[in-house]
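Coordinate analysis (summary)
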Amino acid sequence: MIIWIASYPKSGNTWIRSFLTAYYFCENGIFDINKLNLIEDYPNKQFFKEKVKQGEIHKHWETSQKDIRDQKKVKFLKTHNSLITAFGNDFTKPEYTLGVIYVIRDPRNVITSVKNHNDLDSYDEALKFMQDENKVLEDYPHLKNYAKTNIVNSWRINYRSWLSNKSFRRITIRYEDMVKNPTQTFEKLVVFVNTLMRFDNKIDQKKLNNAIDTTNFKSLQNIENAGKFGENVYSLKDNRKIKFFYQGPENDWKKNLDENMIKKMNEYYRNDLKFFQYEN
């Protein structure tokens, strides 16, 4: 059965994934970057028996997840896909899913990371990206890896699709709480996962502290700077490697955005900001 780590892109998914890798798969909770691939990115070609054609990823969701279920093991999977039905195919179903960890981040900070990660020229372009209700992310076109197609939709549709569904046990983690209250936030996460997996053991405090310390933003940034992080993307403009761990907790919309963009986003996302208790 699958435990999904789901989010809109650039919301902290890799941070959660790194923490879970450290706590559940690394000795004493000390993060080993070489074990990060134990929590795989879904969808991707290793899950599918047949080659995925462009625009047909939805045809492969169910059979691949049935194969995962038939292995009779709990499996963490990272995804940016919305929890949608496409052409009659559900992204996932209760018979394949044990639970959901949904990671949310203030959209006014997501926009800077989206702009950087996708090598966009302006914040207006990044906002258009985030508001595109039909947004689909494919692996870079020259790779022709259509198995890695994520139907992310817009920022709003993505989070609403996961949070409005009552079929799955779910915990919602705010990126900002991981920054401000890491111990409390990650303790809650471990309790949730242990409950899903029916573990009786209590939180290992030493392991928890090590997992938090070795997967904080600075630690992950240092791993990337040392050339040990293998999930960077490359600019389609000049083929340079784009920094994955860009600003992290230093990403502050009050400093990064001009007054016009702040006003535009505050108006557009007014109800969303209120729902997640983000300040205006």
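Here the structure is shown first, and the text comes after it.
For clarity, every value in this text was computed on a predicted model and none was experimentally measured.

1. Re the pattern of salt bridges
What the rule picks out here adds up to 13 salt bridges. The closest approach of N and O atoms between Lys148 and Asp41, which form a salt bridge, is 3.8 Å. Placement of the pair is Lys148 in the loop between strand 7 (136-137) and strand 8 (150-151) and Asp41 in strand 2 (residues 40-41), with a sequence separation of 107 residues. The class for Asp41 is buried, based on a relative accessible area of 18%. The closest approach of N and O atoms between Lys264 and Asp124, which form a salt bridge, is 3.0 Å. One end of the pair, Lys264, is in helix 11 (residues 259-268); the other, Asp124, is in helix 4 (residues 123-131), with 140 residues separating them in the sequence. Residues joined in a network through salt bridges with shared partners are Lys66, Arg69 and Asp70.

2. Thoughts on the nonpolar core
Counting 45 residues, the largest nonpolar core has Tyr8, Tyr102, Met130, Trp155 and Trp162 as the members making the most contacts within it. Those elements that place two or more of their residues in this core are strand 1 (2-7), helix 2 (61-70), strand 6 (97-104), helix 3 (107-117), helix 4, helix 5 (155-163) and helix 11. Every residue in contact with Tyr8, bar those within four places of it in the chain, is listed here: His80, Tyr102, Val110, Val114, Phe129, Met130, Val152, Asn153, Ser154, Trp155 and Asn158. Among the nonpolar cores identified, the runner-up in size contains 31 residues, and Ile5, Met178, Met197 and Leu208 belong to it.

3. Points about the pairing of strand 1
Of all six residues in strand 1, six are buried; the element is thus mostly enclosed. Along strand 1, one buried face is formed by Ile2, Trp4 and Ala6 and the opposite face, lined by Ile3, Ile5 and Ser7, is buried too. Sheet topology places strand 1 next to strand 3 (residues 75-79); five bridges connect them, and they run parallel. Bridging from a neighbouring strand, Trp4 pairs with Leu77 of strand 3. Note that strand 1 and strand 6 share six bridges and pair parallel.

4. A closer look at the packing of aromatic side chains
The tally for this structure, following the rule as stated, stands at 22 aromatic pairs. Ring centres of Phe91 and Trp162 lie 6.1 Å apart, and the angle between their planes is 80 degrees; this geometry places the pair in the edge-to-face category. With Phe91 in the loop between strand 5 (89-90) and strand 6 and Trp162 in helix 5, this pair connects stretches of sequence that are 71 residues apart. Accessibility classification places Phe91 together with Trp162 in one group, the buried group. A ring pair is formed by Tyr159 and Phe275, whose centres lie 6.5 Å apart and whose planes are at 20 degrees; its orientation type is stacked. Residue Tyr159 is located in helix 5, and its partner Phe275 is located in helix 12 (residues 270-275); the two are separated by 116 residues in the primary sequence. When its relative accessible area of 56% is taken as the criterion, Phe275 is described as exposed. An aromatic cluster is defined as three or more aromatic residues linked by ring pairs; in this entry it consists of Trp15, Phe19, Tyr23, Tyr24, Phe25, Phe76, Tyr175 and Phe186.

5. Some points on the side chain of Asn158
Locating Asn158 in the fold gives a position in helix 5. When residues no more than four places from it in sequence are discounted, the contact partners of Asn158 are Ser7, Tyr8, His80, Asn81, Ser82, Tyr102 and Val152.

6. Brief notes about the packing of helix 1 (residues 13-25) against helix 8 (residues 205-214)
At a minimum axis separation of 9 Å, helix 1 and helix 8 run at an interaxial angle of 145 degrees. Considering how the two elements wind past one another, helix 1 and helix 8 form a crossing that is right-handed. Listed contacts from helix 8 to Phe19, Ala22 and Tyr23 of helix 1 are Lys207, Leu208, Ala211 and Ile212.

7. Looking at the environment of Ile39
Of note, Ile39 is situated in the loop between helix 1 and strand 2. The spacing of Ile39 and Lys75 is 36 residues in sequence and 7.6 Å in space, taken between C-alpha atoms. The contact partners of Ile39, leaving out residues within four places of it in the chain, are Ile5, Arg17, Leu20, Thr21, Phe25, Phe76, Leu77 and Lys78.

Conventions adopted
Residues numbered from 1 in each chain as written. Predicted model: local features only at pLDDT ≥ 70, side-chain atom pairs only at ≥ 80, totals over all residues. Heavy atoms only, no water. Salt bridge = Lys/Arg side-chain N within 4 Å of Asp/Glu carboxyl O. Helix = DSSP H or I, 4+ residues; strand = E, 2+ residues; numbered from the N terminus. Buried < 20%, exposed > 50% of the residue type's maximum accessible area, 1.4 Å probe, protein only. Core = buried A, V, L, I, M, F, W, Y, C linked by side-chain atoms within 4.5 Å. Contact = heavy atoms within 4.5 Å. Pairing = 2+ DSSP bridges. Phe/Tyr/Trp six-rings, centres within 6.5 Å; stacked < 30°, edge-to-face > 60°. Axes fitted to C-alpha atoms, helices over the stretch in contact; angles between N-to-C directions. Left-handed = near helix turned anticlockwise from the far one by under 90°.

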